[in-house]
Amino acid sequence: MPVERNTGRNPTAKELAEAKRIAALPKEVQRQHPSALPADPSKLDHINTYGWLPEFYIDKPFRCRDCGKEEIWKAADQKWYYEEAKGHTDATAVRCHDCRKARKANARRGGNG
Ligand SMILES: [Zn+2]
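Definitions and limits used
Residues numbered from 1 in each chain as written. Predicted model: local features only at pLDDT ≥ 70, side-chain atom pairs only at ≥ 80, totals over all residues. Helix = DSSP H or I, 4+ residues; strand = E, 2+ residues; numbered from the N terminus. Contact = placed C-beta atoms within 7 Å. Pairing = 2+ DSSP bridges. Buried ≥ 20, exposed ≤ 12 C-beta atoms within 10 Å, placed from the backbone. Arc of directions from axis to C-beta.

Here we look at the overall build of the protein chain
The helix and strand inventory of the protein chain stands at four helices and four strands. Along the protein chain, from the amino end to the carboxyl end, the secondary structure elements read α-α-β-β-β-β-α-α. For the protein chain, restricting intrachain contacts to residue pairs at least 6 apart in sequence, the fraction spanning at least 24 positions comes to 61%.

Structure, rendered in structure tokens:
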């Protein structure tokens with residue numbers, strides 16, 4: 001049976017607690033954490049704002065703005081978002097998978113969501 005990639009959707013209480021614990025650690029400690037992914041600065045050229053550039057990515061717990069559900073924005077997904085999808089650093093995960101999906105479906109129907 002193939003192992004499903006952990007996308008941070010429907011995290012267990014334990015996963016959430018661990019992500020929160022790591023998120024609260026000082027940056028120097030997070031950087032050394034086995035779950036941290038180093039950033040590739042050559043892929044972050046599109047970010048030309050002053051200030052913060054990611055040096056590494058770490059699992060990021062967040063609460064959905066729409067329904068209040070807690071999920072984890074995985075380090076691997078952040079790396080993909082910033083480096084491959086060329087996302088901006090001021091955009092962070094604010095909605096859970098289900099709410100994002102619902103919004104996309106709504107947009108396709110020409111809804112005003
Ligand atoms: Zn939600």
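What to know about unusual backbone geometry
Residues other than glycine seldom take positive phi values, yet Asn10 does so here, at roughly 50°. Within the secondary structure layout, Asn10 lies in the segment before helix 1 (13–23). Of note, the phi angle at Lys86 is positive, near 55°, even though the residue is not glycine. By the element assignment, Lys86 lies in the loop between helix 3 (75–84) and helix 4 (97–108).

Remarks on the pairing of strand 4 (residues 70–73)
Across four bridges, strand 3 (residues 60–63) lies against strand 4 in antiparallel orientation. Looking at the pairing, Phe62 lines up with Glu71 of strand 4. Between the antiparallel neighbours strand 3 and strand 4 lie six residues, among them Gly68 with a positive phi of about 85°.

Quick notes on the environment of Glu18
Among the secondary structure elements, Glu18 is positioned in helix 1. For Glu18 and Pro61, which are 43 residues apart along the polypeptide, the C-alpha to C-alpha distance reads 9.4 Å.

Observations regarding helix 3
Ala75, Gln78, Tyr82 and Glu83 are the residues of helix 3 that are buried. Buried residues of helix 3, seen end-on, are gathered within an arc of 105° and therefore sit on one face of the element. Just downstream of helix 3 lies Lys86, where phi reads positive at about 55°.

Points about the environment of Pro54
Residue placement: Pro54 occurs in the loop between strand 1 (37–38) and strand 2 (56–57). What makes Pro54 partly exposed here is the crowd of 18 C-beta atoms within 10 Å. Sequence separation between Pro54 and Asp40 is 14 residues, and the spatial gap between their C-alpha atoms is 8.8 Å.

Quick look at the environment of Ala39
For Ala39, the location among the structural elements is in the loop between strand 1 and strand 2. The exposure class of Ala39 is partly exposed, given the 18 C-beta atoms found within 10 Å. As a C-alpha pair, Ala39 and Gln78 span 39 residues in sequence and 9.7 Å in three-dimensional space.

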